[in-house]
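An overview of the molecular structure
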Amino acid sequence: MKYIYQDSTELPVQRDFIEDLKVFIDITARVIPLENSIIELKCKHKEELHKLESRIMGMNLFEEKLGILVNKLANDIGTEDLTSCIDAVLATCSENLGRKREILDIEARKIENGASQEYQKTESKVLEVLTPFLISGIYGAEKRFELSSSTNEVSGIMEGSISGLQYYYKLWFTEEPLTVNRLIGNFNLPGWTKTGILRKEEKIKMQDLSEFLVTSLEYDSEKNIRLVFENKKSNRKFRIEGGGLNYFVYDDNREITADKELGDHIDMMSLAQIPEKVQDYLRANIRNYALSKILLDEEDAISTNQIFDCLKVVAEQYGVIVHECLAKGHNKEEITIKTEEADGTRTEKYISKSEIYTQLSEIGSEGIEIAEILGVNSRSQIKESKYLIV
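Residues numbered from 1 in each chain as written. Predicted model: local features only at pLDDT ≥ 70, side-chain atom pairs only at ≥ 80, totals over all residues. Heavy atoms only, no water.

1. Focus: the pairing of strand 10 (residues 246–251)
Pairing geometry for strand 9 (residues 237–243) and strand 10, over six bridges, is antiparallel. Across the sheet, the residue bridging to R239 is Y250, located in strand 10. Connecting strand 9 to the antiparallel partner strand 10 that follows it, the hairpin turn spans two residues, and G244 within it adopts a positive phi of roughly 65 degrees. Taken together, the two bridges between strand 10 and strand 11 (residues 254–255) define a ladder with antiparallel strand orientation. Each bridged residue has a counterpart across the sheet, and for D251 the counterpart in strand 11 is R254. Count of turn residues in the strand 10/strand 11 antiparallel hairpin: two residues, of which D252 carries a positive phi of about 60 degrees. (Pairing = 2+ DSSP bridges. Helix = DSSP H or I, 4+ residues; strand = E, 2+ residues; numbered from the N terminus.)

The following block contains the structure:
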């Protein structure tokens, strides 16, 4: 399946852009009200706490001024007989106000604790809504994967980043040991071994490492890898690092690619195929995933209420393709792409600008701003983006 513009040039991202755009609009319509509800709750709780703090400050001020006033009055009269009365008045005042302050402090803590629980509940909903979208719906994001494996499970994390936006996923894979063979197929590396019956001589022998267990794996969008695997006894460990056609292989901590004789027996083309095989494994074997954190300019985007700003980053990426669809399409009021099957059959998919604008404007001012970034009203100007990659 190939995705092309109406002028038959390929889309920079080979995905069903119309479907992704519809999903993005739906996600925006669901997330913005959630974030606004958190903001409203914070304003409400802030106002309630401010009222309590004002009452406490008023009591503190009263107690302070009462002490000054009573002492001044006693000084003006100038008799020692008033001392016990003054102490009693101030003690009674302090005792009564102390009890009241304690009650107000308890109310404030209840508000803070309740608010925290309300925020967390809604923030969890935001993560839940965004989970199926961010993992693959952001075009041009740089991604990095880290996997760890044991005899029982394979799990890991994925970090995506683009234009100040970072998002993190927890990943769970099919429940079976991850061997070298399962990850990249049959695999051999050269090693020194002693042969001979009467006189032992060291010779190079290819070692089959296919059944070694992968203990850790790192992979990124630039197709760089760091792969560590060991035998079942955990007394032999190998490490492969690199990317492109430049790889380094270690037997424990000894670099065997630096060994002239051993290095000549390493199939570098086989190593160069590892990133593609890792990518295939990731695509086929992620069993479950959950969005765990979103940052914008290194701040927690959810707790600081910046999810709308995160959506604007996504809209900028989508807006570039909207602009190209309109520029290369016949109808300037519709965003249109074509799908091309292997046999050459083409099918058009489209969505109108007015439909997008109507859906987004129903969200409110935030939706209208997203519509302008996408370029679906006459005043919009699309910014060029350097992040669009296949």
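Next, the rest of the story.
2. Focus: the sheet that holds strand 9
Sheet architecture is open: ten strands sit in the order 11-10-9-8-7-2-3-4-12-13, paired in antiparallel fashion. Each of the sheet's edge strands pairs with one partner strand only, and the pair in question is strand 11 and strand 13 (299–300). Two strands pair when backbone bridges link them, and strand 2 (residues 142–149) and strand 7 (residues 213–220) are joined in this way by five bridges, in the antiparallel orientation. Note on strand 7: the bridge partner recorded for E146 is E218. The strands touched by helix 2 (residues 83–137) are strand 2, strand 3 (154–162), strand 4 (165–173) and strand 12 (286–296); relative to strand 12, the strand with the most contacts, the crossing angle is about 100 degrees. The sheet contacts of helix 6 (residues 274–285) involve strand 2, strand 3, strand 4, strand 7, strand 8 (225–230), strand 9, strand 10 and strand 12, and relative to strand 7 the element is tilted by about 100 degrees. (Contact = heavy atoms within 4.5 Å. Axes fitted to C-alpha atoms, helices over the stretch in contact; angles between N-to-C directions.)

3. What to know about the confidence of the model for the protein chain
Of all residues in the protein chain, 95% have pLDDT values of 70 or greater, and the mean over the chain is 89. Of all secondary-structure elements in the protein chain, the lowest mean pLDDT belongs to strand 5 (residues 188–195), at 79, while strand 4 reaches the highest, 96. Between residues 380–390, whose pLDDT stays under 50, and residues either more than four places distant or in other chains, the model counts 28 contacts. (pLDDT = per-residue confidence, 0-100.)

4. Considerations on the packing of helix 1 (residues 17–77) against helix 8 (residues 353–361)
In contact at an axis separation of 9 Å, helix 1 and helix 8 are set at 15 degrees when each is read in the N-to-C sense. Classified by the angle their axes make, helix 1 and helix 8 are roughly parallel. Here helix 1 runs over helix 8; the crossing is left-handed. On helix 8, the residues that touch L21, I25 and T28 of helix 1 are I356, Q359 and L360. Its residues placed into classes, the contact of helix 1 with helix 8 shows four nonpolar, two polar and no charged. (Parallel < 35°, antiparallel > 145°, perpendicular 65-115°, else oblique. Left-handed = near helix turned anticlockwise from the far one by under 90°. Nonpolar A, V, L, I, M, F, W, Y, C, P; charged D, E, K, R; others polar.)

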